[in-house]
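Coordinates in review
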Amino acid sequence: MAEPSPTPPQRRATLRLGTRERVRLQALVIIVILGLLAVALRPLMLHLIQVRDFQVCQTNVRKIAQALAIYSQEWDDTYPAASSWLDAVRGRLTPTTGTGFGPDHYLCCPRDHKKGECSYVFNELMEGLSMTIRQTEPEIAKRRQRLHRLDRAVLIAEKHGSAANAHVPLENWDAVREFMDLPHELPEPTGSLILGSGRAWFQSRESLASLSGKRF
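Residues numbered from 1 in each chain as written. Predicted model: local features only at pLDDT ≥ 70, side-chain atom pairs only at ≥ 80, totals over all residues. Heavy atoms only, no water.

Within the protein chain one finds five helices and five strands. Mapped in sequence order, the helices and strands of the protein chain form the string α-α-β-α-β-β-α-β-β-α. Relative to its full complement of 216 residues, the protein chain shows a buried share of 37%. Counting contacts in the protein chain only where the partners sit at least 6 residues apart, residues at least 24 apart contribute 63% of the total. (Helix = DSSP H or I, 4+ residues; strand = E, 2+ residues; numbered from the N terminus. Buried < 20%, exposed > 50% of the residue type's maximum accessible area, 1.4 Å probe, protein only. Contact = heavy atoms within 4.5 Å.)

The following block contains the structure:
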């Protein structure tokens, strides 16, 4: 009687991937890792973008202040008319060499999405005022009195979506706050105000708010 043949050992089921499947799995793992990194780094990237836009806006404000200072030097230390202040600024804004940016580039904040022609308004109370020459005209003397201290008067204030040649009377902080936008969404946003002396004034919202109800 023949002996029964031995039962062959059972093989464990194994998952064998072909070359195509391995490539797809590796690609999937890479995509998942990149997605996780993007989620983790998104807040940092947004903050860096905000800081960049904030710095660009500060640069714009400095250039506008310099252009108005140049105008005042050319016209007996007198600031331009409110109706033509943008033309005065455009004529004295020198494009940055090699960037291709024209004067209008510096008149718009990068976070201004209202598509206005300018992101700033001019303090019309500064129209025709001189920092050094004593002016006796009644209308000018009245505006100087409203500003109280000309060397601390606001020259321009940030206001997104402003129309061309936008100008408003800004005699104190309450008036500035009414017309000023704070779009930067930073812990310490700034109103990008300019002192009457032409120097840029970058203060935190808390510092600016401390002037509420007071003359400058």
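Mapped onto the elements, Arg143 comes out in helix 3 (residues 138-147). We classify Arg143 as buried; its relative accessible area is 9%. Residues within four places of Arg143 in sequence aside, it is in contact with Glu124, Leu125, Met126, Glu127 and Leu129.

Now for the sheet that holds strand 3 (residues 167-168). Adjacent strands of a sheet form backbone hydrogen bonds with each other and so pair up, either parallel or antiparallel. Taken together, the three strands give an open sheet; going across it, the order is 2-1-3, and neighbouring strands pair in mixed fashion. The sheet is open, and its two edges are formed by strand 2 (156-162) and strand 3, each paired on a single side. Both strand 1 (residues 118-123) and strand 3 contribute to a ladder of two bridges, which runs parallel. Its bridge partner being in strand 3, Asn123 is matched across the sheet by Val168. In this fold helix 1 (residues 19-74) packs onto strand 1 and strand 2, with an angle of close to 40 degrees to the strand it touches most, strand 1. (Pairing = 2+ DSSP bridges. Axes fitted to C-alpha atoms, helices over the stretch in contact; angles between N-to-C directions.)

In this structure, Asp112 sits in the loop between helix 2 (85-90) and strand 1. Despite its burial, Asp112 remains without a salt bridge, the nearest opposite charge being carried by Lys114 at 6.3 Å. Separated by 2.7 Å, the side chains of Asp112 and Ser119 make a polar contact. Not counting residues up to four positions away in its chain, the partners in contact with Asp112 are Cys118, Ser119, His160 and Gly161. (Lys, Arg positive; Asp, Glu negative; His and termini not counted. Salt bridge = Lys/Arg side-chain N within 4 Å of Asp/Glu carboxyl O. Polar contact = N/O pair within 3.5 Å; in protein donor to acceptor, adjacent residues only side chain to side chain.)

Here the focus is the pattern of salt bridges. For the structure shown, the criterion picks out seven salt bridges. As a salt-bridge pair, Asp53 and Arg111 come within 3.1 Å of each other at their nearest N and O atoms. Taken together, the residues Asp53 in helix 1 and Arg111 in the loop between helix 2 and strand 1 connect sequence positions 58 residues apart. We note that Asp53, like Arg111, is buried. Its salt-bridge partner being Glu171, residue Arg146 comes within 2.5 Å of it at the nearest N-O pair. Residue Arg146 is found in helix 3, and its partner Glu171 is found in the loop between strand 3 and helix 4 (173-179); the two are separated by 25 residues along the sequence.

Another aspect to go through is the packing of aromatic side chains. Tallied over the full model, the rule gives two aromatic pairs. Measuring from centroid to centroid gives 6.0 Å for Tyr71 and Trp75, while their planes differ by 25 degrees, and the two rings are stacked. Residue classification places Tyr71 among the buried residues on the basis of a relative accessible area of 15%. Judged by centre distance (5.5 Å) and plane angle (20 degrees), the rings of Trp85 and Phe122 are stacked. Here the residue Trp85 occupies a position in helix 2, and Phe122 occupies one in strand 1, the gap between them amounting to 37 residues. Residue Trp85 is classed as buried on the basis of its relative accessible area of 0%. Residue classification places Phe122 among the buried residues on the basis of a relative accessible area of 0%. Between the NZ or CZ atom of Lys63 and the centre of the ring of Tyr106, over which it lies, the distance is 5.0 Å. (Phe/Tyr/Trp six-rings, centres within 6.5 Å; stacked < 30°, edge-to-face > 60°. Lys NZ or Arg CZ within 6 Å of the ring centre and 35° of its normal.)

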